Amino acid sequence: MRVLELQSVKREDFGLYYRQNYTAIAVLELVKTTVQAPVSFIIETSPLGIKEVTVKVSKETYIEYPMIPVRKSLKAFILEMDSQGKLP
């Protein structure tokens, strides 16, 4: 399982400078198929500068794969995109 890309990434204004809310469509490569799933995620920066990512996958899309590895892969992919400055 791996994350191929995030499409249609949109930032939602939240009002707090240390918390960024996003919505996107995640393209996931599973064992035999490729799935597109709507996701929402939050990147929150602590006072020490540590970034914490919270990911929610939409329940309307059925994914035939355990959700813990999916969320873990999405978090790593999102942090990599953020460090490269690819998020809006």
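Check the entry above for the structure.
Quick look at the structure, then. (Residues numbered from 1 in each chain as written. Predicted model: local features only at pLDDT ≥ 70, side-chain atom pairs only at ≥ 80, totals over all residues. Heavy atoms only, no water.)

### Brief notes about the environment of Ile63
Next, step 1: For Ile63, the position within the fold is in the loop between β4 (51-57) and α1 (67-84).
Next, step 2: The spacing of Ile63 and Ala37 is 26 residues in sequence and 8.2 Å in space, taken between C-alpha atoms.
Next, step 3: The contact partners of Ile63, leaving out residues within four places of it in the chain, are Leu28, Leu30, Val35, Ala37 and Val57. (Helix = DSSP H or I, 4+ residues; strand = E, 2+ residues; numbered from the N terminus. Contact = heavy atoms within 4.5 Å.)

### A word on the pairing of strand β2 (residues 19-29)
Next, step 1: Pairing geometry for strand β1 (residues 2-12) and β2, over 8 bridges, is antiparallel. Directly across from Lys10, in β2, lies its bridge partner Thr23.
Next, step 2: What sits between β1 and β2 in their antiparallel hairpin is a turn of 6 residues, with Gly15 showing a positive phi close to 100°.
Next, step 3: Bridge analysis of β2 against strand β3 (residues 34-45) gives 11 bridges, and the strand direction is antiparallel. Note that in β3 the partner of Gln20 across the bridge is Ile43. (Pairing = 2+ DSSP bridges.)

### Looking at the sheet that holds β4
Next, step 1: On the basis of which strands lie adjacent, the open sheet formed by 4 strands has the order β1-β2-β3-β4 and antiparallel pairing. Every interior strand has two partners, whereas the edge strands, β1 and β4, have only one. Between one strand axis and the next, the sheet turns through 30° on average, direction left out of account.
Next, step 2: Here α1 sits on the sheet in contact with β1, β2, β3 and β4, set at roughly 130° to β4. (Axes fitted to C-alpha atoms, helices over the stretch in contact; angles between N-to-C directions.)

### Overview of a nonpolar patch on the surface
Next, step 1: On the surface, Phe14, Leu16, Tyr17 and Tyr18 cluster together to form a nonpolar patch covering roughly 450 Å² of accessible area.
Next, step 2: Given a relative accessible area of 32%, Tyr18 falls into the partly exposed group. (Patch = residues over 30% accessible without salt bridge, like charges linked within 9 Å, V, L, I, M, F, W, Y side chains within 5 Å. Areas by Shrake-Rupley, 256 points an atom, 1.4 Å probe, with all protein chains shown as cover. Salt bridge = Lys/Arg side-chain N within 4 Å of Asp/Glu carboxyl O. Buried < 20%, exposed > 50% of the residue type's maximum accessible area, 1.4 Å probe, protein only.)

### Some details on the packing of aromatic side chains
The geometry of an aromatic ring pair is captured by two quantities: the separation of the ring centres and the angle between the planes.
Next, step 1: This structure, assessed with the given rule, holds 2 aromatic pairs.
Next, step 2: Seen from their ring centres, Tyr17 and Tyr18 are 5.6 Å apart, and the 90° between their planes marks the pair as edge-to-face.
Next, step 3: Its relative accessible area of 75% is what places Tyr17 among the exposed residues.
Next, step 4: Between the aromatic rings of Tyr22 and Phe41, the centroid separation amounts to 5.0 Å while the plane-to-plane angle is 15°, which identifies the pairing as stacked. Of the two residues, Tyr22 sits in strand β2 while Phe41 sits in strand β3, which places them 19 residues apart along the sequence. Residues Tyr22 and Phe41 agree in their burial class; the two are buried.
Next, step 5: A cation over a ring is seen here: Arg19 above Phe14, with NZ or CZ 4.8 Å from the ring centre. (Phe/Tyr/Trp six-rings, centres within 6.5 Å; stacked < 30°, edge-to-face > 60°. Lys NZ or Arg CZ within 6 Å of the ring centre and 35° of its normal.)

### Considering the pattern of salt bridges
Next, step 1: Tallying each qualifying case throughout the model produces 2 salt bridges.
Next, step 2: Residues Arg2 and Glu29 are paired through a salt bridge, measuring 2.7 Å at the closest nitrogen-oxygen approach. In this pair, Arg2 is assigned in strand β1 and Glu29 in strand β2, connecting sequence segments 27 residues apart.
Next, step 3: Its salt-bridge partner being Asp82, residue Lys51 comes within 2.6 Å of it at the nearest N-O pair. With a gap of 31 residues between them, Lys51 in strand β4 and Asp82 in helix α1 connect regions that are remote in the sequence.
Next, step 4: By relative accessible area, which is 17% here, Asp82 ends up buried.

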